[in-house]
Amino acid sequence: MAEIRIKSVGKRFGSFTALHSIDLDIADQSFVVLLGASGCGKTTLLRIIAGLETPSTGEVWIGDRRVDHLPPRERGIAMVFQNYAVFPHLTVFENIAFGLRMKKLPQADIDRRVKRTAELMHIEQLLKRYSGQLSGGQRQRVAVARALAMEPDVILMDEPLSNLDALLRLEMRAELKGVLAASRTTTVYVTHDQVEAMSLADRIAVMNAGRIEQAADPVEVYRNPATRFVGGFIGSPPMNFVPATRAGNGGWQAAGLTFAGPAAGDRLDLAVRPEDLTHAAEGFAATVRVIEPLGAHTLVTAEVEGRPFRAVIDSDHRVAPGDVLHLMPRADRIRWFDPETGKAA
Amino acid sequence: MSAAEAEIPADLTRPVAESRSIGRWLYGAAVALLLAWVLVPLYLLLVNTLSSPDAVQGFPKTGFPTLDFGSVNFFLTYEGVGQALLNSVLTAVATMVLAIVLGAPAGYALSRFEFKGKSAFRMLVLMTRAFPLPLLALPLAVMFIQVHLDDTVIGLALVHTTLALPFSVLVTFSIFSGIPVEFEEAAWTLGCTRWQGFRKVLLPLVLPGIAASAVFAFTISWNEVFAASVLTIQNRTLTAFLLQTLDYSPLPLKFAGGAMLVLPALIFIFAVRKYMLSMWGIANR
């Protein structure tokens, strides 16, 4: 059991800066997801925690030990790789036992721990098989069992579900959450899938271009994005942005409507989520372009003052392309961003 | 589409079909020619090896072996053949060991580490094969005499190692590259040092490929005749021995000796052909 502290960690590959001075505290027994598009540095950060990459600057602490100079085997971690890395020349049993044998545990302990983790991951009937005789989902289970059997302080997972088909991914996601919560192991999990991140995480660290944009619990990240990038990245469809200018009497003028807003600044972007819009008599005049019925709701892609604008409305409303809808944002769900810095205002 | 095709008059499609069949015929002929180029000499070698000395000398030829081991017997009991055979085996084994011990680490480094001049190094490794051995032979012989390596199995093995090394480096490079680095990384996170990870995880996975590359090094040494002739006098390898006695040795000896040289090489290369094709990282990745 251990917390992880990352102190101004930077990583350069030649002239390319993969990470700009990252600071992140990961609480003991928490489940933190590093979320971002490919190339944002999330895997690099995970590999630095694992000891598979050396940081160019900064410190990594696990528990009360500084580990950035230690090799992976001395860090008390276990890792699950994107391609599972189940050793093809060993049986499932020997794969799970591999790390325990390296620790030179007695055979009885090894048998017990392999059996227990195999039962936990429902692969006890596969122990005699080789990797080549397993499906992708089974290999995934072996990889997780192998990590759990180590009883590590920290489990690191690099997009472990991305090679599974959609249905299996859903099933494994729920199972992983249960197993990891029960094991009370600190977990760092890398993914580019925001639904996965939302459903698994105690805390999400949204990364972009080698920086952490926001690290907070999933609902906070969703409701109160710290930056415009986070608002535009999280949510499907993401937030709508409408440029606003300072009106008289301290309000803000956006697409012909006046809203109460922050006291400072003279140019801001108004942001609102597509599901926080109501079909009303007064609101943004949106010309409908595309309609996508999703069953309970209808996703409407429209234009407000020539900019794309999406709304999720109740499917009872019948709309057709070319219609003009009046969409009013819920006042308590409006967020403001500074267009220059991208930060929330 | 199909309607449009059907409307094309038959006489318009014929030239296309004809030129295609000519192309196929040329291709088949080229394949047959190449096969004959390789297989006919091998067949004649085999026929004459498995015929009695009288049949080898006699005329007309039947084209079929008389299945007589007289020639083989004659060859095996010929003065000096046994020693030459032993020298060939010793040299080839030493070459094989040296080429792998020196080549595999280079292949590993090329596959796993990024360093400046990596592609230039790969090219350079290959270019050593383009350097003509005859140019090196005289200075090499002089140097070998000075350090008393001349006319020894190990001296010749060193030369053969330099010939085999480019292949063992490039083949092992491709074999290591075919194993995802995550296997090793997983081993490290599970408690292995770099060396333990190599021994417990990577080595079992690459062993067949390494063996293939070792066999190839063996074959290079086994077949090599120039350096063997220049650098040995008393301790001839089989190739050098046969070349030396070519003038005066009887025909059955030449045929049996030739077969003796060709057979192991053929078998080995056939056994490891899959790995040879992967040399440029095509098949194995």
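Quick notes on the rules
- Residues numbered from 1 in each chain as written.
- Chains lettered and ligands numbered in written order.
- Predicted model: local features only at pLDDT ≥ 70, side-chain atom pairs only at ≥ 80, totals over all residues.
- Helix = DSSP H or I, 4+ residues; strand = E, 2+ residues; numbered from the N terminus.
- Rg over C-alpha atoms; globule rule 2.2 N^0.38 Å.
- Buried ≥ 20, exposed ≤ 12 C-beta atoms within 10 Å, placed from the backbone.
- Contact = placed C-beta atoms within 7 Å.
- Nonpolar A, V, L, I, M, F, W, Y, C, P; charged D, E, K, R; others polar.
- Core = buried A, V, L, I, M, F, W, Y, C linked by C-beta atoms within 7 Å.
- Axes fitted to C-alpha atoms, helices over the stretch in contact; angles between N-to-C directions.
- Parallel < 35°, antiparallel > 145°, perpendicular 65-115°, else oblique.
- Left-handed = near helix turned anticlockwise from the far one by under 90°.
- Expected span 1.5 Å × (residues − 1).
- Bend = angle between axes of the 7 residues up to and from the residue.
- Pairing = 2+ DSSP bridges.

S.K.: Even after reading the chapter, I still don't get the overall build of chain B, so can you show me in this structure?
M.R.: In terms of regular secondary structure, chain B is built from 13 helices and zero strands. Ordered by position from the N terminus, the helices and strands of chain B form the series α-α-α-α-α-α-α-α-α-α-α-α-α. Relative to the 2.2 N^0.38 estimate, which gives 19 Å for 285 residues, the radius of gyration of chain B is 25 Å and therefore markedly larger than a compact globule would have. In terms of overall dimensions, chain B has a C-alpha envelope of 80 × 70 × 35 Å along the principal axes. Scored against the burial criterion, the 285 residues of chain B give a buried share of 32%. For chain B, long-range pairs separated by at least 24 residues make up 74% of all intrachain contacts whose partners lie at least 6 apart in sequence.

S.K.: Is there a simple way to explain unusual backbone geometry in this structure?
M.R.: Peptide bonds are trans in most cases, and residues, glycine excluded, mostly fall at negative phi. Residue A:P237 follows A:S236 across a cis peptide bond; omega there is -5 degrees. Looking at the element boundaries, A:P237 is found in the loop between α8 (228-233) and β11 (240-246). In the Ramachandran plot, A:A85 falls in the positive-phi region, its phi being about 50 degrees despite a non-glycine side chain. By the secondary structure assignment, A:A85 is in the loop between β6 (77-80) and α2 (92-102). The residue B:D151 is not glycine, and still its phi comes out positive at about 60 degrees. With respect to the helices and strands, the residue B:D151 is situated in the loop between α7 (133-146) and α8 (153-177).

S.K.: Would you mind going over the interface of chain A and chain B with me for this structure?
M.R.: Think of interface size as the accessible area that goes away when the parts come together; that is how it is often given. At the interface, 19 residues of chain A touch 14 residues of chain B. At the level of secondary structure, the elements contributing two or more residues to the side of chain A that touches chain B comprise β6 and α2 of chain A. Grouping the amino acids of the side of chain A that touches chain B by side-chain chemistry returns 14 nonpolar, three polar and two charged.

S.K.: Looking at this model, I keep getting lost on the nonpolar core. Mind explaining?
M.R.: In summary, soluble globular proteins display a tendency toward joint burial of nonpolar side chains. A:L156 and A:A205 are the most contacted members of the largest nonpolar core, which totals 81 residues. In terms of residue count, helix α4 (residues 136-149) of chain A provides more of this core than any other element does, seven residues in total. In contact with A:L156, not counting residues within four places along its chain, are A:L46, A:I49, A:A50, A:I77, A:M79 and A:V188. In terms of nonpolar packing, the next biggest core, distinct from the first, is built from 49 residues, B:F75, B:L98, B:V206 and B:A240 among them.

S.K.: Sorry, what's going on with the packing of α8(B) against helix α10 (residues 194-223) of chain B here?
M.R.: Any two packed helices are characterised by the angle at which their axes cross and by the distance between the axes. Residues and elements named next belong to chain B. Look at α8 against α10: their axes get within 9 Å of each other, and the N-to-C directions meet at 160 degrees. Taken together, α8 and α10 sit at an angle that is classed as roughly antiparallel. Between α8 and α10 the crossing geometry is right-handed. The residues of α10 that touch α8, namely those facing H160, L163, A164, F167, S168, V171, T172, I175 and F176, are V206, G209, I210, S213, F216, A217, I220 and S221.

S.K.: Whenever I open this one, α7(B) confuses me. Can you help?
M.R.: All names here are of chain B. The end-to-end C-alpha distance of α7 is 19 Å, a good match for the 20 Å that 14 residues give at a rise of 1.5 Å each. At P139, α7 shows its strongest bend, of approximately 30 degrees. One or two steps after α7, the chain reaches H148, where phi turns positive at roughly 60 degrees.

S.K.: Where do I start with the pairing of strand β10 (residues 211-216) of chain A in this structure?
M.R.: On any regular strand, side chains alternate: one points to one face of the sheet, the next to the other face. Residue and element names in this part refer to chain A. Bridge count for strand β9 (residues 203-208) against β10 is five bridges, and the pairing is antiparallel. Residue pairing for β10: I204 is matched across the bridge by A216. Counting the residues that bridge the hairpin from β9 to β10 gives two residues, and of these A209 lies at a positive phi of roughly 50 degrees.

S.K.: Help me understand the sheet that holds β11(A), please; the structure alone is not making it clear to me.
M.R.: In sheet architecture, strand pairing relies on hydrogen bonds along the backbone and comes in two forms, parallel and antiparallel. Residues and elements named next belong to chain A. Spatial strand order, β13-β12-β11-β14-β19: five strands in an open sheet with antiparallel pairing. Each edge of the open sheet carries a strand with a single partner, namely β13 (257-260) and β19 (335-337). Mean inter-strand twist for the sheet, computed between neighbouring axes without regard to direction, equals 40 degrees. With four bridges joining them, strand β12 (residues 251-254) and β13 adopt antiparallel strand pairing. From the neighbouring strand, W252 faces β13, where its bridge partner is F259.

Any functional reading would require information beyond the geometric quantities listed.
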